[in-house]
Amino acid sequence: MNMHIFDKLKNEPIIAYLSMEIALSSDMPTYSGGLGVLAGDTVRSAADLSLPFVAVTLISRKGYLNQKISPEGWQIEQPVEWEIEKILTPLPVQVEVEIEKRKVKVGAWVYPWKSARGTIVPVIFLDTNIPQNTPEDRSITDYLYGGDSRYRLKQEIVLGIGGSRILKALDLEVRKYHINEGHAALVTVELLQSFKNCDVEAVKNLCVFTTHTPVEAGHDKFPYDMVKDVLGEPIPLPLLKQLGGADCLNMTLLALNLSGYINGVAKKHREVSLNMFPGYDIHSITNGVHSYTWTSPGFQTLFDHYIPGWAQEPELLTRADIISNQEIWTVHQKEKARLLQLIKEKNNIEMDEEALTLGFARRMTAYKRPHFIFTDVERLKKINRAGKLQIVFAGKAHPHDFEGKKLIQQIIQYSRELSPEIKIAFLENYNLEVAKKIIAGVDIWVNTPMRPLEASGTSGMKAAHNGVINFSVLDGWWIEGCLEGITGWSIGPESEEDGNPQEIFQKEISDFYGKLEYVIVPTYYHHREQWIKLMKNSISKVASYFNAHRMMESYITEAYFHQPFLPLTNGSIVKAEKN
Ligand SMILES: *Cc1c(COP(=O)(O)O)cnc(C)c1O
């Protein structure tokens, strides 16, 4: 086995990135959505930047899910078989964790993620499917977000405790554990018990925590009866309660109390998190996407020609203005044709390369409001008569999310009702490959989340890398990315405005249809030069900043290699006082 990939990491302490899901490629279905894609982009940028970095996740043997849509428009889930033995390499290490007082063996596989420059970030996949384990324990690492809450707690023990033991078994010294969302928070318990007197400050020095959840209900919580049963008492229960919550073990709280650097994933999300957890020093590092991965082949070639070095330094994309309008348009139309070809093959729908095409693809779940576009169907038809519209959808609903599945069905029903006037395609089985085609092949990227539930969102950043213009609710990253009429358009009130939900909804609806009818359609059909200006601005003003290299550089300077700072006051940075 290529153990030498770890040898190089023995010269200096590493960053250990722990995440329940990591999306590396479509043939490794170990992710469900944005969190996993962000983790994948983090790995890709860490490799490009040659960081001493190791990522740890679960193997999710049964994948997330393969999505089919029945003739009734209902999502059917199939398990995804993936060729673990062909894709991953087994590691000659094994550790034990205690679950329900049993010794459960945890093995590991590795995927050495290699950057274009040849630098490698190992991604470790933890696996409990080991013959000595009971059948039940062998299945702990099978289903991503599957099973009940007890199953989830077992997975989190494997990720947090098993993960850190595997790193130790590999003889790696860790500078920081980066806890990507609360799922991995049990690493803090493992660290606590390794220090004399459960030294909280020593653990905080070692941990960085990124929270992704803007709602109270979204945080993983476990009743202490279950915790005692499943986890046992690796640290005294009163201490655990003090750190993880009095009533139940809240993984976010545990990570907040034991991390020396904490951040939300956009500026707004920091504020929301501060309101949810008052008194914590929460910073923000706005998410980004891996530029090279999310730039389509056509635009890669164009950027290589005009902006050499852009993939390694995406901030150079600010120079996109020098590209001729004609070339931007030609490359965009080629990407559009590729998408429409895919739609023809998969859905047997013939779309029009000249028609204004809207895209909406992400996890199908209530707060994302994928059906928002259909709030006023008559208005949509009227706009379509002034300038032809067509719409592309994709997205999976979680198997337990009945609401999400109903939304998919609604979209399919609308697509039938509105055909052939407005052509609407729902592409099955949204994954990294499908995402790459959609984000590059439409003209407008629509996002209509219910505020403030989109912690960041990243798909709009991917679209911007391909000159696709954003049209979105002011939530998450778009609050920072939107310059009205310059980088795209907003839907609904300013982010600070909170009024009654009905009023906000009315404003969103009137903005959506109003801007579509009076600004977007006329610009697309009658002011092509102005349209291309916005496409270029998406590249030069959005992609140049909302990329994973910029994000990782912030993690390096703020989180991994520095003592904590307090936020700017009066324009100067104040060093945090140790207490
Ligand atoms: C980027 C991406 C997401 C996240 O999309 P959001 O709009 O940010 O929620 C989800 N799934 C896949 C496959 C993606 O590529």
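Here we summarise the structure given alongside this text. The structure displayed is predicted, hence computed values, not measured ones.

In terms of regular secondary structure, the protein is built from 22 helices and 19 strands. A compact globule built from 579 residues should have a C-alpha radius of gyration of about 25 Å, and the protein, at 24 Å, falls within 12% of that. When burial is assessed residue by residue, the protein has 60% of its 579 residues classed as buried. Long-range pairs, those at least 24 residues apart, make up 71% of the contacts in the protein with a sequence separation of at least 6. Accessible area of the protein: about 22700 Å², with a carbon and sulfur share of 50%.

The next thing to look at is the side chain of T286. Here T286 lies in the loop between β13 (282-284) and α12 (291-294). Residue T286 is classed as buried on the basis of its relative accessible area of 3%. Among the polar contacts listed, one links the side chain of T286 to the side chain of E480, at a separation of 2.7 Å.

Most of strand β7 (residues 120-127) is tucked away: 7 of the 8 residues are buried. The pairing of strand β2 (residues 53-58) with β7 spans 4 bridges and is classified as parallel. By the bridge assignment for β7, T57 is matched with F125. Where strand β6 (residues 102-114) hands over to β7, the hairpin turn is made up of 5 residues, of which G118 adopts a positive phi near 95°.

Turning our eyes to something else, we now look at the side chain of H283. Mapped onto the elements, H283 comes out in strand β13. Side chain to side chain, H283 and D281 meet in a polar contact 3.4 Å long.

In this section: the sheet that holds strand β9 (residues 207-210). The mixed open sheet is built from 9 strands, whose spatial order is β5-β6-β7-β2-β1-β8-β9-β12-β13. One side of each edge strand has no neighbouring strand; the edge strands of this open sheet are β5 (89-99) and β13. Within this sheet the neighbouring strands show an average axis-to-axis angle of 25°, counted without direction. Taken together, the 3 bridges between β9 and strand β12 (residues 261-264) define a ladder with parallel strand orientation. In the strand pairing of β12, T210 is matched with N263.

Contacts to the ligand come from 13 residues, most closely from R362, K368, T458, S459 and K462. A distance of 2.6 Å separates an oxygen atom of the ligand from a polar side-chain atom of K368. Within the contact set of the ligand, an oxygen atom lies 2.5 Å away from a side-chain nitrogen or oxygen of S459. In isolation the ligand has 390 Å² of accessible area, and contact with the protein removes 96% of it. Listing elements by their share of the shell around the ligand, those giving two or more residues are α2 (34-48) and α18 (459-464). In terms of residue class, the shell around the ligand is built from 4 nonpolar, 6 polar and 3 charged. Of the domains in this structure, domain 1 (4-287 + 557-573) and domain 2 (291-352 + 426-546) are the two that each give at least three residues to the shell around the ligand.

The sheet built from 6 strands is open, its strands ordered β16-β15-β14-β17-β18-β19 with parallel pairing. Because the sheet does not close on itself, it has two edges, and the strands there are β16 (423-427) and β19 (488-491). Within the sheet, the average angular offset between the axes of one strand and its neighbour, ignoring direction, is 20°. Of the strands in this sheet, β15 (389-394) and β16 touch helix α16 (residues 402-418), which is tilted by about 150° from β16.

What counts and what doesn't
Residues numbered from 1 in each chain as written. Predicted model: local features only at pLDDT ≥ 70, side-chain atom pairs only at ≥ 80, totals over all residues. Heavy atoms only, no water. Helix = DSSP H or I, 4+ residues; strand = E, 2+ residues; numbered from the N terminus. Rg over C-alpha atoms; globule rule 2.2 N^0.38 Å. Buried < 20%, exposed > 50% of the residue type's maximum accessible area, 1.4 Å probe, protein only. Contact = heavy atoms within 4.5 Å. Areas by Shrake-Rupley, 256 points an atom, 1.4 Å probe, with all protein chains shown as cover. Polar contact = N/O pair within 3.5 Å; in protein donor to acceptor, adjacent residues only side chain to side chain. Pairing = 2+ DSSP bridges. Axes fitted to C-alpha atoms, helices over the stretch in contact; angles between N-to-C directions. Near = heavy atom within 4 Å. Nonpolar A, V, L, I, M, F, W, Y, C, P; charged D, E, K, R; others polar. Domains from an automatic or database assignment.

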